[in-house]
Amino acid sequence: MLKLLSPSSPAASPFLRALGSITGFTRRNPNLGRRAFLCSDAKNGDGVVEIEFKGLGNEAEAESKSSSSSAIIPTNLNPEDYIKVLALPLPHRPLFPGFYMPIYVKDPKLLAALQESRNRQVPYAGAFLVKDEPGTDPCSETENNIPDLKGKELFDRLHEVGTLAQISSIQGDQVVLIGHRRLRITEMVDEDPVTVKVDHLKDKPYDKDDDVIKATSYEVISTLRDVLETSVLWRDHAQTYTQHISDFNFTRIADFGAAISGANKLQCQKVLEEIDVHDRLKLTLELVKKEIEISKIQASLMKKMEEKILSEQRRKLLNEQLKAIKKELGLEADDRTALCEKFRERLEPNREKFPPNVLQVIEEELSKMQLLDASSSEFNITRNYLDWLISLPWGNYSDENFDVLRAQKVLDEDHYGLTEVKERILEFIAVGKLRGMSEGKIICLAGPPGVGKTSIGRSIAHALNRNFFRFSVGGLTDAAEIKGHRRTYVGAMPGKMVQCLKTVGTANPLVLIDEIDKLGRGHAGHPASALLELLDAEQNANFLDHYLDVPIDLSKVLFVCTANVVHMIPTPLLDRMEVVSIAGYVTDDKIHIAREYLEKTTREACGIEPEQVEVTDAALLALIENYCREAGVRNLQQHIERIYRKIALQLVRQGAANEPAVGDKIQSLSDEPAVVEVADSDEHVVGSKVRRDTRNIPKSEATKTVEKVLVDSSNLPDFVGKPVFHAEHIYEQTPVGVVMGLAWTAMGGCPLYIETTQVEEAHGKGALQVTGQLGDVMRESAHIAHTVARSILLDKEPDNTFFADSKLHLHIPAGAIPKDGPSAGCTMITSMLSLAMKKPVNKDLAMTGEVTLTGRILPIGGVKEKTIAARRGGVKTIIFPSANKRDYEELTPNVKEGLDVHFVDDYSQIFNLAFGDHEN
């Protein structure tokens, strides 16, 4: 920055006295020989330039001298001699005569040319404002584009009228310019760097005594005086300017007002281009009038801010004085004041974290509470409301752990398998680590009961280092449980989410919403609709609880929902979730879980030592296959607990039987003298015998004699009763008309036999009857299967009229269980064809898939569940639709182990697999 100084003038020269030479307010002789100094803060200190103003005509010509030899300006130079000058592009504002401007020259050739001109004692150049590109904002910055402009392109972008500028100093790429007179470009002389031929512009002649010009100048001066009274920045400009300008005239007033105004560059350029003094004064008057309006608005804003600050300070001071007075007089505060103080003490430590709208509500409620009677009901409502508002963790977040390896270890320790779920959680952690923050998501864990959905949510919270909160919405019928009650009701309470935040104490917990597929519906609104705002990532940043009635940011909360059946979740709610399916566990998984997790936990809960019990692998396998075939492990855990409870009873009974009776403890004295004396507290001399006192024997020592309990497949029924299932098939050899299908249920997957038999045979009596509590979809599948089977039999055995002359009965066992779904068509067709051709299907074969009337196989769902069900049922060969091949390939190797899976597109392929061995 450059600062203008005058050693001969006072520090604060009055602005009106400087304007007096033109207004007539103050008359004094022009100080023609007065000199001013423009002092630069350059590091080498040689930037001091001495300027001598020789006259105060319309041009204000000046010559410069330098205090150093490198900056001396010859006194015989006349600026009008320069008709060819280098063109300097100005990006932001034009340069006015009498003002200085520092600019940065990025073009190395132009900078070198300026340095060379200064070295040759020709320190002048032309400063021209750059035009904006067409279609851009006139107020936009164009400085970044200027270095790319060269030659003719730069020349076309320059305004015609500019300023003859004296090169005061060059420091690196910074050039300090001093404006002298107006120029107009006539033509371009050279392109690199751009050199132009110019004409020196002079103001049009005018009459200094003209009343219109005087009146306009008076109004400009009056406006400038008003601005100077309100704007410190303008006052500094005026003082600095008047220190090195010996006198003012009309042209200087116009240039001064336009140069220091906040107008945009086009308005300033318009003033620079105007050579009519009266018109220039009018343009300047318009600019300074706008400036005075801006200054008034700024002063008004400053006054309001100062009044607000003073009011707050005054209120705080008065409160402190009131406290001191009460303390001096020994007056105790009443209940309301004491309660308000307690609330403020709780609020102050975290005031910065509270949102402004919440702070405003708190202050309003505190003010209202001080006016209420302490015995009124409204007082208690306000107190409870304030307690909830201040208790919530506004802006208080727990530090998350983004260590993927640690999270992987935690998840593996808590759960076996579940690769897909763990991978999804690790992806969430990885994204949070790369972003440096994590946003809340809504994950829905869907699967049969007992697969560990709820415990997975707890493990996720542990892995992420988040607080954990769980609430169940199963059977929930009141939407107010989610959104809260309005405070107008008696006993109103906030919703579950607000209660969760108060309980956990952080704004980014992991919230587990259990049984979301079992939402109820009552007269007080549908809870599923209330959950839409809570579980929508686009809306929950401003979740509104009816009780609090202020927005709450839940965008950082990680929601994990659990469900058994996804299709029972309302579609709008399901659309906001990311569903992660958990199919269940195969036998290998259950053995590992029982051995590593369930058995260890149950043994510790029963107080049994590991060396006291041994459960063999054969016993666990028999327990899983004959008692616990469901997809989850909850029933398996209950059976293991049942085993260990019986073992605990057996161990206690053995220990009680080994303890000596009371009469056995009395021993007769022998004839031998008592010759042994001991000092130990656990030994006593009884006659001539020394024996141990059993009162201080540790428990472990007392149970050493108890025999180890062995649980094997042979004695397993003694602990858990008779087997519920049988490991072998129902049929050793599959009968004619019976085929095993695979079904999906809420409990996982299960084998499903389909049986067809002939009820009546007579010419033209072909018909079909279905039973087994089937839904509409399966009934339609049965009729389609009957039609397709007739067409296939006609193709394979044209002379066979079985379907035309037979009344068939198709039955699916377990008739008490409702069954429906489009995946049993191929099984029904195979069952009917087996009966028609009197051929049983191949042993250990199961199939699933829907068939169209043309015989095409349609894809089905639940591939993993059905595969697990096939393994539990001892099936070796499975038939799936080809479209499900990708689903099967995603299964883990232990699920697919030992299975022969065929993928088919047409029923003819199923026919060959089912009856191929019998056609030989």
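Each remark here, short or long, concerns the structure printed above.
Residues numbered from 1 in each chain as written. Predicted model: local features only at pLDDT ≥ 70, side-chain atom pairs only at ≥ 80, totals over all residues. Heavy atoms only, no water.

## A look at the overall build of the chain
Right, on to step 1. If you tally the helices and strands in the chain, you get 30 helices and 30 strands.
Right, on to step 2. Taken over 920 residues, the chain has a buried fraction of 45%.
Right, on to step 3. Look at the contacts in the chain between residues 6 or more apart in sequence, and 73% of them connect residues 24 or more apart.
Right, on to step 4. Here the chain displays about 47,200 Å² of accessible surface, and carbon together with sulfur accounts for 51% of that area. (Helix = DSSP H or I, 4+ residues; strand = E, 2+ residues; numbered from the N terminus. Buried < 20%, exposed > 50% of the residue type's maximum accessible area, 1.4 Å probe, protein only. Contact = heavy atoms within 4.5 Å. Areas by Shrake-Rupley, 256 points an atom, 1.4 Å probe, with all protein chains shown as cover.)

## Here we look at the packing of aromatic side chains
Right, on to step 1. For the structure shown, the criterion picks out eight aromatic pairs.
Right, on to step 2. Ring plane angle 45 degrees and centroid distance 6.3 Å describe the contact between phenylalanine 354 and tryptophan 394, whose orientation is recorded as tilted. Of this pair, phenylalanine 354 sits in the loop between α9 (335–347) and α10 (356–371) while tryptophan 394 sits in the loop between α11 (377–391) and α12 (404–414), placing them 40 residues apart in sequence.
Right, on to step 3. Each residue in the set Phe880, Tyr888 and Phe903 is aromatic and connected to the rest through ring pairs, giving one cluster.
Right, on to step 4. Cation over ring: arginine 487 sits above tyrosine 385, and NZ or CZ is 3.8 Å from the ring centre.
Right, on to step 5. Here the guanidinium or amino end of lysine 896 rests over the ring plane of tyrosine 888, the centre of that ring lying 5.6 Å away. (Phe/Tyr/Trp six-rings, centres within 6.5 Å; stacked < 30°, edge-to-face > 60°. Lys NZ or Arg CZ within 6 Å of the ring centre and 35° of its normal.)

## Considering the pairing of strand β12 (residues 468–472)
Right, on to step 1. Covered by surrounding structure in β12 are Phe469 and Phe471 only, the residues Phe468, Arg470 and Ser472 on the alternate face being uncovered.
Right, on to step 2. Taken together, the five bridges between β12 and strand β13 (residues 510–514) define a ladder with parallel strand orientation. The residue bridging arginine 470 from the neighbouring strand is leucine 512, located in β13. (Pairing = 2+ DSSP bridges.)

## What to know about the environment of histidine 180
Right, on to step 1. Looking at where histidine 180 falls in the secondary structure, it is placed in strand β9 (residues 174–191).
Right, on to step 2. Sequence separation between histidine 180 and alanine 165 is 15 residues; the distance between their C-alpha atoms is 5.9 Å.
Right, on to step 3. Of the polar contacts made by the side chain of histidine 180, one reaches the side chain of glutamine 166; its length is 2.9 Å. (Polar contact = N/O pair within 3.5 Å; in protein donor to acceptor, adjacent residues only side chain to side chain.)

## Some thoughts on the sheet that holds strand β16 (residues 558–563)
Right, on to step 1. The sheet built from five strands is open, its strands ordered β12-β13-β16-β11-β17 with parallel pairing. Two strands lie at the open edges of the sheet, namely β12 and β17 (578–581), each paired on one side alone. Averaged over all adjacent pairs, the angle separating strand axes in this sheet is 20 degrees, with direction ignored.
Right, on to step 2. With four bridges connecting them, β13 and β16 associate as parallel partners. Looking at β16, one finds that isoleucine 513 is bridged to cysteine 561.
Right, on to step 3. This element, helix α16 (residues 496–504), spans β12, β13 and β16 of the sheet and lies at about 150 degrees to β12. (Axes fitted to C-alpha atoms, helices over the stretch in contact; angles between N-to-C directions.)

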